[in-house]
Amino acid sequence: MNLFVSEGNPHCLKALAALEATGVQCGVQFVNHDERVVPFLSRPTLPALALPSGQYLFSSNAICRYLFEVNGQECSELCNQWLEWEATVLQPALQQALHMAVLQGKSSEVSKVLQGPINVLEQSLSKRNAPYLTGDSVSAADLVLWAGFFPVLSDSSLTLGEHKSLKAWFDRVAAMNACQSAAQKVLQGKGLQGMKSYMQKQPAPQSSQCRETQPCNSNSAEEEGGERVVSEEEMEAAALTWSKGLNTCPPATKKQHPILPQEGKRNVLVTSALPYVNNVPHLGNIIGCVLSADVFSRYGHLRGWNMLFVCGTDEYGTATENKAREEGLTPQQICDKYHAVHSSIYKWFQIDFDYFGRTTTEKQTEIAQDIFWRLHERGFLIEDTVEQLRCENCQRFLADRFVEGICPHCSYPEARGDQCDKCGRLINAVDLREPQCKVCRQTPVIRSSKHLFLDLPKLESQLEQWLEKSTSTGDWTANAKQITRSWLRDGLKPRCITRDLQWGTPVPHADFKEKVFYVWFDAPIGYLSITANYTNEWEKWWKNPHQVELYNFMAKDNVPFHSVVFPCSLLGAQDNYTLVNHLIATEYLNYEDTKFSKSRGVGVFGDMAKDTGIPSDVWRFYLLYVRPEGQDSAFSWADMALKNNSELLNNLGNFINRAGMFVTKFFEGCVPVMELQEEDKKLLALVSWELQQYIQLMDKIKIRDALKHILNISRHGNQYIQVNEPWKKIKGGDSERQRAGTVTGVSVNIACLLSVMLSPYMPAVSQTIRDQLNAPPSCINTMLEGNGTFVCSLSAGHRIGAVSPLFQKLEADQIEALKKKFGGQQTTVRNAASAQSAAVPAPAVAVEVGTVNQVDPEKAKQLTQAVAEQGEKVRALKAQKAEKAVITAEVAKLLDLKKQLALAEGKNPEPAPQKGKKK
């Protein structure tokens, strides 16, 4: 292992302190701040820990967690909560404080910025009768938080005199030799001034009021009660809003097609990245693009915005030609066949497009060729000759994705013609060693061909001006900004827009009549042509930047084409095009512990989901629950069952069903009279706050985070019912019966609110709830007005409909069968040794008594390496705080490998009974 750090970087202080405290054997290398250590990252990131497997950890907290794990010190749940709090709450405040102290000379103001986090720490430490954050011994959390505070405490005006518990803890950690040594190496005894060169390279932090947020599930007074502390003013305000009832204005009308921009309305155009036609979309494709866009489009419609949501299949290119050859069809027949497959899948998932089109249309040719000529006339196209790989056996030039060979950088044997999946470096296909055509496996030859290029350098200044405005005023995800900046930082280069193919939009230039447009140039224009096939007045959307807001949804690999290349095409065309205002990119969704693979039968693809018997709304819910918003996430069958059974069945469904059943059983199906007491007003305030958070997050396209607030509301409701026990009070005297009525009435109104908030996520379930409650249509637009308005929508005397359960339990045997069905050809245990030419058989379930295990030194050697690599993988997953189900699966593999190793060494694979697990 090798740890890369830089002087003056406070994040490196954490990693170095953890390394010295744990004593893990690891090299340390000091590099410049600008050094790109991690090869697949486009920007310098330090510290970075290079693992023996060739993988990297580049989150300082993950590195610290990993080093403690390697040293045999597992991070407790409380430790992980503190680390998360440090990353999400403390770090933003520290960045602001360091910026003020180091670059602005405002050390005296640091205390104001850090007051909130300091109070949280003091409160927590004073309550815990322990010397460290998590107990009697130093944890990764102690070193991480100490390293965060150390620079500002070293020579600013901030002191901890009045915070006695915090000061005692800080001094205790600071006295450790590991911390003193790390501080000397990173800051060189210069204090804050030692950080100046590092801070000068960091972006100015956003000035914001620091949240005095506790770590999740920490032992704060507020968290012990499981809810926010609400003030008298909040309770009275919530009760007043509640009493206003529903709006008298009519509910939002049904869509009238064609939808066109309207004066005085918020006109929102939503696009989802066009799925490639002959790839059946898997769950990752669905959540990354169409489902996320659908949720936001539905939400915007509920908010009263004028929404248009368009998408379609991307149908041109080499892949379609190959698929047609494989199936003995024409490219057009392939497109027709798979376009219908896509449409069917999205319909089952309830994706509510206003129009789902395709790119193989006359409108596509017309608009793409118009943009081409406008670029040509304005001098933004240049000619050049390029070397390409041509397969003489297939009689055609090969697109990058149809070439495979040895990476010229890292010697990975299966690098593609555009990029190496192992080292992450971009590749020119002609630079591959031992290239092969992926279709026929013949060796291609290099041939020259004349092509047209979009002159991106000539458009760079226009692009940068537009980007500065769009990214500062719009909602761009962090990864979208980062990927875009990396392209600009390296300098734009001319990009080829033509290809030697038959299946594509023809280039109208006489000198290039045998060529078609390259798919990256052609495909984004599909948004325009699809809209043009929807309405002849398409230019009111696409040439109307002052009246239209454009939202693009995609996975992160599509970002450069939407943030750099396509905008350059439209800017160069100089035709008043609408450019993207909000670019929303997800990270990747993996399947269990691996990647989706249609060929290997690994993972759930869109055409298979409906065969599982699980309703599409449940699929939508789980995919949105694990939506990879800030980092990669994984689909897990075990976790899906857990979320269905705990969150949908026991939490959400249980509350809504109980509320409705109480009305039916105790009050003859009519909502009872409600006389609010302080406890009820407190609940109204809590629910109103959750609603406001939901709206704020949804407005910012934080779809996964907003979902958690829906579930919080039903948790509040369940607790409210449990505490008040209306099923008992209904049997009591008049006052108790009145109390039962109030609790039932408030609960059924919360259920109505939940139906509205659920509508973008689970449209069928949402409608079922409203049908069961016989809810008035105007409840939808009333609840989501402004910042959120929780009113009494089902007033006393309102008659509800028949109530029935909303969700079904997913049984363990059902889930196990599905997991096996979609596990592909893989063995249950995938491990490093299985890749060896001499495969290692799995041990038998039972070993005959008296059997002598044969020693196999060669297998033992292979398995020793496999155990070491799997152990490292488990520690890395824990350090990265991966999903629990993913870690459990990898631990199971590790244990199985250890059993195989024991067998290969002639030992008993089962541990001796007297040996317990080390604590």
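Everything quoted here is computed from the prediction, not taken from an experiment.

**Q** Outline the sheet that holds strand E1 (residues 2-5), supporting the account with residue identities and numerical values.
**A** Two modes of strand pairing occur in sheets, parallel and antiparallel, and in both the strands are linked by backbone hydrogen bonds. Strand order in the open sheet formed by four strands is E2-E1-E3-E4, and the pairing between neighbours is mixed. Looking at strand neighbours, the two that pair on one side only are strand E2 (27-30) and strand E4 (56-57), the edges of this open sheet. Note that E1 and strand E3 (residues 48-50) share three bridges and pair antiparallel. Each residue of the ladder has a partner; that of Asn-2, found in E3, is Ala-50. Strands in contact with helix H2 (residues 60-70) are E1, E3 and E4; relative to E3, the strand with the most contacts, it is inclined by about 45 degrees.

**Q** Mind laying out the packing of aromatic side chains, listing which residues take part and the relevant values?
**A** Taken as a whole and judged by the stated rule, the model has 35 aromatic pairs. Seen from their ring centres, Trp-619 and Trp-637 are 5.7 Å apart, and the 75 degrees between their planes marks the pair as edge-to-face. Taken together, the residues Trp-619 in helix H22 (residues 616-625) and Trp-637 in helix H23 (residues 637-667) connect sequence positions 18 residues apart. Grouping aromatic residues by their ring pairs yields a cluster made of Tyr-591, Phe-596, Phe-605, Trp-619, Tyr-622, Phe-635, Trp-637 and Phe-822. Between the NZ or CZ atom of Arg-499 and the centre of the ring of Tyr-518, over which it lies, the distance is 4.0 Å.

**Q** Talk me through the pattern of salt bridges; I want residue IDs and the actual numbers.
**A** Counting across every chain of the model gives 36 salt bridges. Here Asp-352 and Lys-255 are joined by a salt bridge, their closest N and O atoms 3.6 Å apart. Within this pair, whereas Asp-352 is found in the loop between helix H13 (331-348) and strand E7 (355-358), its partner Lys-255 is found in the loop between helix H10 (232-243) and strand E5 (267-272), the two being separated by 97 residues in sequence. In the salt-bridge network here, residues are joined through shared partners; they are Arg-374, Glu-539, Lys-543 and Asp-575.

**Q** Provide a residue-level description of unusual backbone geometry, including the pertinent values.
**A** Looking along the chain, the bond that leaves Leu-46 and enters Pro-47 is cis, with omega of 0 degrees. For the bond running from His-257 to Pro-258, omega is 0 degrees, close enough to zero to count as cis. Checked against the element boundaries, Pro-258 lands in the loop between H10 and E5. Even without being glycine, Glu-434 reaches a positive phi, approximately 50 degrees. Within the secondary structure, Glu-434 sits in strand E12 (residues 433-437). Here the phi dihedral of Ile-701 falls at roughly 60 degrees; this positive angle occurs in a residue that is not glycine.

**Q** Tell me what's going on with the side chain of Gln-388, and back it up with residues and numbers.
**A** Positionally, Gln-388 belongs in strand E8 (residues 381-391). For Gln-388, a relative accessible area of 7% translates into the label buried. In this structure the side chain of Gln-388 is engaged in a polar contact, spanning 2.7 Å, whose partner is the side chain of His-451. Those residues in contact with Gln-388 that sit more than four places away from it in its chain are Phe-397, Val-430, Val-445, Ile-446, Arg-447, Ser-449, His-451, Arg-499 and Asp-500.

**Q** Any chance you could break down the state of the cysteines for me, citing the residues and the numbers?
**A** A complete count under the given rule lists zero disulfides for this structure. Between Cys-420, a cysteine without a disulfide, and Cys-410, which holds the nearest cysteine sulfur, the sulfur-to-sulfur distance is 3.7 Å. Looking at Cys-420, the relative accessible area reads 1%, which means it is buried. With no disulfide of its own, Cys-779 lies 4.0 Å from the sulfur of Cys-752, the closest cysteine sulfur.

Cut-offs and rules
Residues numbered from 1 in each chain as written. Predicted model: local features only at pLDDT ≥ 70, side-chain atom pairs only at ≥ 80, totals over all residues. Heavy atoms only, no water. Pairing = 2+ DSSP bridges. Helix = DSSP H or I, 4+ residues; strand = E, 2+ residues; numbered from the N terminus. Contact = heavy atoms within 4.5 Å. Axes fitted to C-alpha atoms, helices over the stretch in contact; angles between N-to-C directions. Phe/Tyr/Trp six-rings, centres within 6.5 Å; stacked < 30°, edge-to-face > 60°. Lys NZ or Arg CZ within 6 Å of the ring centre and 35° of its normal. Salt bridge = Lys/Arg side-chain N within 4 Å of Asp/Glu carboxyl O. Buried < 20%, exposed > 50% of the residue type's maximum accessible area, 1.4 Å probe, protein only. Polar contact = N/O pair within 3.5 Å; in protein donor to acceptor, adjacent residues only side chain to side chain. Disulfide = S-S within 2.5 Å.

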